[in-house]
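Listed here are the chains, written in short residue letters.
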Amino acid sequence: MQLYKIVRKEILAPNIFSMDILAPRVAASAQPGQFLIVIADEKGERVPLTICDYDKDEGTVQIVVQAMGSSTRRLAEFEAGDYLKDFVGPLGVPSKFVNEDIEELKKRRMLFVAGGVGTAPVYPQVKWLHDRGVKVDVIMGAKTKELVILEDKLRSVSGNLYVCTDDGSYGFHGMVTHYIEELIENQGKEYDECIAIGPMIMMKFVALTTKKYNIPTIVSLNPIMVDGTGMCGACRVTVGGETKFACVHGPEFDGHLVDFDEALKRQAQYKEEEIKKLEAYECKVEEAR
Amino acid sequence: MAKAVDRFKRTPIAVQDPEVRIHNFDEVCLGYTEEEAMAEAKRCLQCKNPLCRPGCPVSIDIPRFIKHIADGEFEEAAHVLAEYTALPAVCGRVCPQEDQCEKTCILGRKGEPVAIGKLERFAADWAREHGIKVGKTKPSNGHKVAIIGSGPAGITCAGELAKEGYDVTIFEALHEPGGVLVYGIPEFRLPKETVVKPEIENLKRLGVKIETNVIVGKTITIDQMFEEGFEAVFIGSGAGLPKFMGIPGENLNGVFSANEFLTRNNLMKAFREDYATPIKVGKRVAVVGGGNVAMDAARTAKRLGAEVHIVYRRTENELPARVEEVHHAKEEGIIFNMLTNPVEIIGNENGWVKAMKCVRMELGEPDASGRRRPIEIKGSEFEFEVDTVIMALGTSPNPLIASTTDGLETNNHQCIVVDEKGRTSREGVFAGGDIVTGSATVILAMGAGKQAAKGIDEYIKSKNK
């Protein structure tokens, strides 16, 4: 059996697509909170991506990708029926709740906050809880209406689902942080735990917001990585004054302890090189036309 | 014909000119020609009780393979090597011979020892270039063995078992087999296409299957491997986690582990424009550490265009790196700052490294390792302007497998505990290499892989009696 075949591909929004990849070993072992690494082709880099869904029977794993840099844009060129060169995972530690008592979880009032493509890794967490009878609230945020992804899928497993857009083109007009305040201050909601996944800057502000209300908050970090198995240390992050490797100690950490300012700087470490690679990629695409 | 004029002097070997090689990643040492190899081999005294052999972790019959070279029987020399080692072309290049076989060579008492490593490399390269197939396998015995990790320990263990007729599958976490030979040791010391790949191909020819992208402990567990029908498992997953100093500023932009720097360059081929992985090398780089990995990182940074400093807290005499690497590094213009220890890394307003605060050291009394302990000289702090810091301080074992396998005993260094046959505390599970010893050498890992293969063979045979 040839592995890493793209079984399905779907465009979810401009520049955002999902792919179902044949990888039975990964599908059989993936758990909520984990991630994986993809190499598109011979000269490609190791790209860490979130897991959106997995089907143990079919042996497939669903990834959701936003084509931004040269490597994700290269990935976007692949179609159903094509093969990816490498696909490895699941990586990182599963979400903490996976090992907790279900009855305890049922009592816990949980709020998930999903931003942009961060909606993808939120889905398997909410679904896992839903399958075990745990209802949770979800806020999902996007820049604008056409970038809202996976809404129906997520709604089918959520307790309440609230959509926010930065420009007000759909749902609540404002940031996810504003909606957290809205729920708590105007709608009388109370939460025991918040799990936020999205752009680093969003997670920073969600953590600041929940801190105000003393809601324990978990964030899922997406720093630069090379191997993803603890070997390179590129994903170093300071949590509660200690250095952690996001790939093996995380990716989920206590959002109130993460040094987000350092994490944001570290994430931009290869920006110059990435811009160059992207320009080179665009030239290549241009020439091919 | 080249001839050893003086028995106590080594036959010189060709290397790439330092001025040229600092601009490329091609191999530095060019190896002996047939004539040179024969001349060097003839220096060997063919001792009745060779002192070199006990110095070899895999006990190669050194005088015997050298005799064949001296007689121009290069293929026979390769066959002798194959009896003892799965990776002669690798060992000839990366073994610390001066601390092993060559250290005890009798010629070394009065002059220079025989260049055993260079001759090993010659025989292995000659055999490969002439399409000689070495290593024979016994008929299949139908017993399945799983090997975790395709570095030197795993390759050796797999090769030995395949030759005995076992059905061997290697599970490799990365996308390329080879372990440290691929991600760690640079191209200019160990060419991948011409040396490492053929060794892997040779393994496949022996019937070994290699499954890449499988992280044992995540993708599958050891328990699942037994469920899949493997009768024994060998853990050769290496020492992968980089150590840092724990000083302020280590998470600034521009501070890298040597593992990250080398993996980007070697495994991901970041030095090539056409590969997607980026690499950062500043204008002035400090590599902290004095081992082979420090030399590899320094010489890689040099080739990427930086001014490079080695910063080491003891003196040159204590450098753990191979003598040849230090020599090559110096030729290439790497600047050695000895008796210097960083205490802080200083960043600019944007979070990038701008300098390293160091102290001067002096040597005191010998410590547990027998080396004189470096002591800080009070009031000697100074700032050293750099924009990149590479930490090459060694690695510790990845706890992934131990933490997901019940009943696997580890020590307080997270190393897996084994007996002399490579057996762990868990029945049917063996281990060897850096995961047992902490970071060591290619050849010691190979020795452990070989030992464990014997242990596995005995275990499976006794179980199926």
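Up top is the structure these notes are about.
The structure contained in this document is the topic of the report that follows. Model, not experiment: these values are computed from the prediction. (Residues numbered from 1 in each chain as written. Chains lettered and ligands numbered in written order. Predicted model: local features only at pLDDT ≥ 70, side-chain atom pairs only at ≥ 80, totals over all residues. Heavy atoms only, no water.)

1. Considerations on the interface of chain B and chain A
Reports often express the size of an interface as the amount of accessible area lost when the parts come together. For clarity, the cut-off: Here, residues are in contact when the closest pair of their heavy atoms is within 4.5 Å. Buried area adds together the accessible area that both of two parts lose upon being put together, with accessible area traced by a 1.4 Å probe. By definition here, a salt bridge exists when the distance from a side-chain nitrogen of Lys or Arg to a carboxyl oxygen of Asp or Glu is within 4 Å. The way it works is that DSSP assigns letters per residue, a run of H or I at least four long becomes a helix, a run of E at least two long becomes a strand, and they are numbered from the N terminus. Residue polarity follows a fixed list, in which Ala, Val, Leu, Ile, Met, Phe, Trp, Tyr, Cys and Pro are nonpolar, Asp, Glu, Lys and Arg are charged, and the others, Gly among them, are polar.
Every contact between the two is made by 44 residues of chain B and, on the other side, 42 residues of chain A. Here chain B meets chain A over a buried area of about 3,600 Å², counting both sides, of which 51% is carbon and sulfur. Three residues, Asn213, Lys218 and Asn251 of chain B, lead the burial of chain B against chain A; their summed loss comes to 19% of the area buried on that side. Inspection of the region where chain B meets chain A yields 4 salt bridges. The partner of Lys43 of chain A in a salt bridge is Asp274 of chain B, with the nearest N and O atoms 2.8 Å apart. In terms of residue count, the dominant contributor to the side of chain B that touches chain A is helix α12 (residues 258-267) of chain B (4 residues). Looking at the side of chain B that touches chain A, its residues break down into 19 nonpolar, 15 polar and 10 charged.

2. A few points about the sheet that holds strand β3 (residues 35-39) of chain A
Residues and elements named next belong to chain A. The condition that has to hold: Strands pair, by our definition, only if DSSP identifies at least two bridges between them. As a rule, the C-alpha atoms of each element are fitted with a line to give its axis, helices using only the stretch in contact, and angles between N-to-C directions run from 0 to 180 degrees.
Strand order across the open sheet formed by 6 strands is β1-β2-β5-β4-β3-β6, with antiparallel pairing between neighbours. Each having just a single partner strand, β1 (6-13) and β6 (86-91) make up the two edges of the open sheet. Strand-to-strand twist across the sheet, computed as the mean angle between neighbouring axes with direction ignored, equals 30°. Note that β3 and β6 share 4 bridges and pair antiparallel. Paired with Ile37 across the two strands is Val88, which belongs to β6. Contacts from helix α4 (residues 119-131) reach β4 (47-55) and β5 (60-66) within the one sheet, and its direction differs from that of β4 by about 35°.

3. A few points about the pairing of strand β6 (residues 232-235) of chain B
Residue and element names in this part refer to chain B. Counted only if it meets this: Buried means the residue's accessible area, taken with a 1.4 Å probe over protein chains only, is under 20% of the maximum for its type, while exposed means over 50%, and partly exposed covers the values in between.
Burial along β6 is two-sided: Ala232 and Phe234 facing one way and Val233 and Ile235 facing the other are all buried. Note that strand β3 (residues 144-148) and β6 share 4 bridges and pair parallel. Paired with Ile147 across the two strands is Phe234, which belongs to β6. Pairing analysis gives 3 bridges linking β6 to strand β18 (residues 429-431), with the strands arranged parallel. Paired with Phe234 across the bridge in β18 is Phe430.

4. Topic: the nonpolar core
Here is the rule: In these notes, a set of buried Ala, Val, Leu, Ile, Met, Phe, Trp, Tyr and Cys residues joined through side-chain atoms within 4.5 Å is what counts as a nonpolar core.
In this structure, Phe65 and Ile69 of chain B are the most contacted members of the largest nonpolar core, which totals 85 residues. Of the residues forming this core, the biggest block, 9 residues, is contributed by helix α17 (residues 442-463) of chain B. Once residues within four sequence positions are removed from consideration, Phe65 of chain B is found in contact with Ile60, Ala77, Val80, Leu81, Ile116, Leu119 and Glu120 of chain B. Membership of the second largest hydrophobic core comes to 38 residues, among which are Val88, Ile184, Val237 and Ala246 of chain A.

5. Quick look at α4 of chain A
Applied cut-off: Here the expected length of a helix is defined as 1.5 Å per residue gap, with one fewer gap than residues.
Compared with the 18 Å implied by 1.5 Å per residue over 13 residues, the 18 Å span of α4 of chain A between its first and last C-alpha is a close match. Along α4 of chain A, 10 of the 13 residues are buried, which leaves the element largely enclosed by surrounding structure.

6. As for the sheet that holds β18 of chain B
Residues and elements named next belong to chain B. Overall, parallel pairing links the 5 strands, which are arranged β5-β4-β3-β6-β18 in an open sheet. Each end of this open sheet is capped by a strand with a single partner; those strands are β5 (209-211) and β18. Ignoring strand direction, the axes of neighbouring strands in this sheet form an average angle of 20°. Inspection of the sheet shows strand β4 (residues 167-171) paired to β5 by 3 bridges, in the parallel sense. Bridge pairing links Ile170 to Ile210 in β5. Seen against the sheet, α17 touches β3, β6 and β18 and runs at an angle of roughly 170° to β6.

7. A word on the pattern of salt bridges
For the coordinates displayed, the defined rule picks out 61 salt bridges over all chains. A salt bridge links Asp137 of chain A to Lys189 of chain A, with the shortest nitrogen-to-oxygen separation between them at 3.0 Å. Highlighted residues: Asp137 of chain A in strand β8 (residues 137-142) and Lys189 of chain A in the loop between α6 (176-186) and β11 (193-197), separated in sequence by 52 residues. Residue Asp137 of chain A is classed as buried on the basis of its relative accessible area of 8%. Where Asp61 of chain B meets Arg53 of chain B, a salt bridge forms, and the shortest distance between an N and an O atom there is 3.9 Å. What makes Asp61 of chain B buried here is its relative accessible area of 15%. Sharing partners across several salt bridges, the network here consists of Arg21, Lys118, Arg189, Asp296, Arg299, Arg303, Arg322, Glu324, Glu325, Glu331 and Glu332 of chain B.

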